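Analysis of the macromolecular model
Chain residues, written in single-letter form:
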Amino acid sequence: MENTSVKYRNVKIDGLNLFYREAGDPEAKTILLLHGYPTSSHMFRNLIPILSKQYHVVAPDLPGFGFSDAPDHQSFSYTFDNLAATIQGFIDQLGMKRFAIYVFDYGAPVGFRLAVANPEKITGIISQNGNAYEDGLSKEWDPIQKYWKDPSQTNRESLRDFVSQKATWFQYHEGVSDLSLIAPETYTMDQHFLDRPGNIDIQLDLVKDYRTNVALYPEFHRYFKTHQPKVLLVWGNKDPFFLPAGAEAYKKDLPEARLKFYNTGHFALETHVEEIGLEIVNFLASLPQ
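First, a word on what this report is: a plain description of the structure on this page. (Residues numbered from 1 in each chain as written. Predicted model: local features only at pLDDT ≥ 70, side-chain atom pairs only at ≥ 80, totals over all residues. Heavy atoms only, no water.)

**With respect to the sheet that holds strand β1 (residues 7-13)**
One key point about sheets: their strands pair by backbone hydrogen bonds, in either a parallel or an antiparallel sense. A sheet is described by the order of its strands in space; here eight strands give the open sequence β1-β2-β4-β3-β5-β6-β7-β8, paired in mixed fashion. Whereas interior strands pair on both sides, the edge strands pair on one side only; in this sheet they are β1 and β8 (258-262). Adjacent strand axes in the sheet meet at a mean angle of 20 degrees, parallel and antiparallel pairs treated alike. (Pairing = 2+ DSSP bridges. Helix = DSSP H or I, 4+ residues; strand = E, 2+ residues; numbered from the N terminus. Axes fitted to C-alpha atoms, helices over the stretch in contact; angles between N-to-C directions.)

**Considering the pairing of strand β3 (residues 30-34)**
β3 sits mainly inside the fold: five of its five residues count as buried. Residues T30, L32 and L34 line one face of β3 and the alternating positions I31 and L33 line the opposite face, and both faces are buried. With four bridges connecting them, β3 and strand β5 (residues 99-103) associate as parallel partners. Opposite L34, over in β5, you have V103 as the bridge partner. (Buried < 20%, exposed > 50% of the residue type's maximum accessible area, 1.4 Å probe, protein only.)

**Things to note about the nonpolar core**
When a protein is soluble and globular, its nonpolar side chains tend to lie buried together. If you look at the biggest cluster of nonpolar residues, it comprises 62 residues, and the most contacted ones within it are L32, F90 and F224. A total of six residues in this core trace back to one element, the largest contributor, which is helix α2 (residues 80-93). When sequence neighbours within four positions are dropped, the list of residues in contact with L32 reads V58, P60, I87, F90, I91, M96, F99, A100, I101, Y102 and L114. With 33 residues, the next largest nonpolar core counts I126, Y187, Y262 and F267 among its residues. (Core = buried A, V, L, I, M, F, W, Y, C linked by side-chain atoms within 4.5 Å. Contact = heavy atoms within 4.5 Å.)

**Section: helix α6 (residues 165-173)**
The complete set of buried residues in α6 reads A167, T168, Q171, Y172 and H173. In this structure, the buried residues of α6 make contact with α7 (184-194) and α11 (269-285). Of the residues trailing α6, G175 is marked for its positive phi of about 85 degrees.

**So, the pattern of salt bridges**
This model, assessed by the stated rule, comprises 11 salt bridges. Of the charged contacts, one joins E270 and R45 as a salt bridge, the two residues approaching to 2.8 Å between their closest N and O atoms. Of the two residues, E270 is situated in helix α11 and R45 in the loop between β3 and α1 (47-51); the sequence distance between them amounts to 225 residues. Owing to a relative accessible area of 18%, R45 belongs among the buried residues under this scheme. Across the pair R156 and D205 runs a salt bridge, and its minimum N-O distance is 2.8 Å. (Salt bridge = Lys/Arg side-chain N within 4 Å of Asp/Glu carboxyl O.)

What follows is the structure, given as C-alpha cells:
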C-alpha cells in the first residue's frame, strides 16, 4: 500500500521560516500547491491524500499566512513580487526542477510569476478560481479598486472589514448550496491567523499591491500564448470574487485548456474535493515527468 502520510516541514528562506506540507514519492511527478487568501496549505488537507497516492505533493504557506512567519509589515514588504521571490527561493532550496502548479486566489499571481520566470520548470497548470483576466473580477472588487486608484488612509481604513470574521465566513459560504459541507475549522483557523496583532496591515498591504497583478495580466497572457502550457481549469461557478467569465477567458490564449465548472463558491475544494481531485489525477497523468 502506498504511503500517503503528510509530513509537516519547515525551511528557512532569506531568514523567514516557511512551513509546508509534503507527501508522496519524491521520485514521482511533482505538483506545487499554492493557496490563496485568507487561508493556508490547510485548504489542501483533503486534496493531498488523493494526489499523493501517485504523485509528489508540496504545499507551502505563504509569508504572512498559516504557520509560516508573518513579520511586521514595516520590516517585510508584503508585495506579490516579494511573495513570488520567497517561493522562488523555496523551490530553489528544495531543488524542484520540474513540477505542475495548482493556483488558487492569491496563489495565481504568485504561481504565474514563477511560470514566467521559470517556463522550463512548469509541466502544467491547474487553476482553481485563480484569476488572470479582468473578465473575472466581480463587483466585490469595486471598493478595493477604489483604494488602488486613491491609496489614501481613508480608503485603506474603509477596507479593514475585509479581514473581519463576517468577511471570512462569507468567503467560505457564499454560493454554496449545502452549507453543512463547510468544515468550521476552516474559517475558524483562518480567522485565528487574521486576528494576530499587526496582521490587518499585512493584509491591507497585499490588497493594495494586488493592482500589480492586474497590471501583469498581459505578461501572463504572453506566457500562455508563447508556451501553451497544458492547463486544467476547475472553477466554482458561484464564486463572489472571481466570475466564471474569468475561467472562460483563459480559452482566448489557451484554446486546448480543459474547463470544468462546479456548482459551488470560492473554496471549491471544501465541497467538491473528490471530483476535482479525480480531474487533477487524470490531468497529471497526461503531463511529462
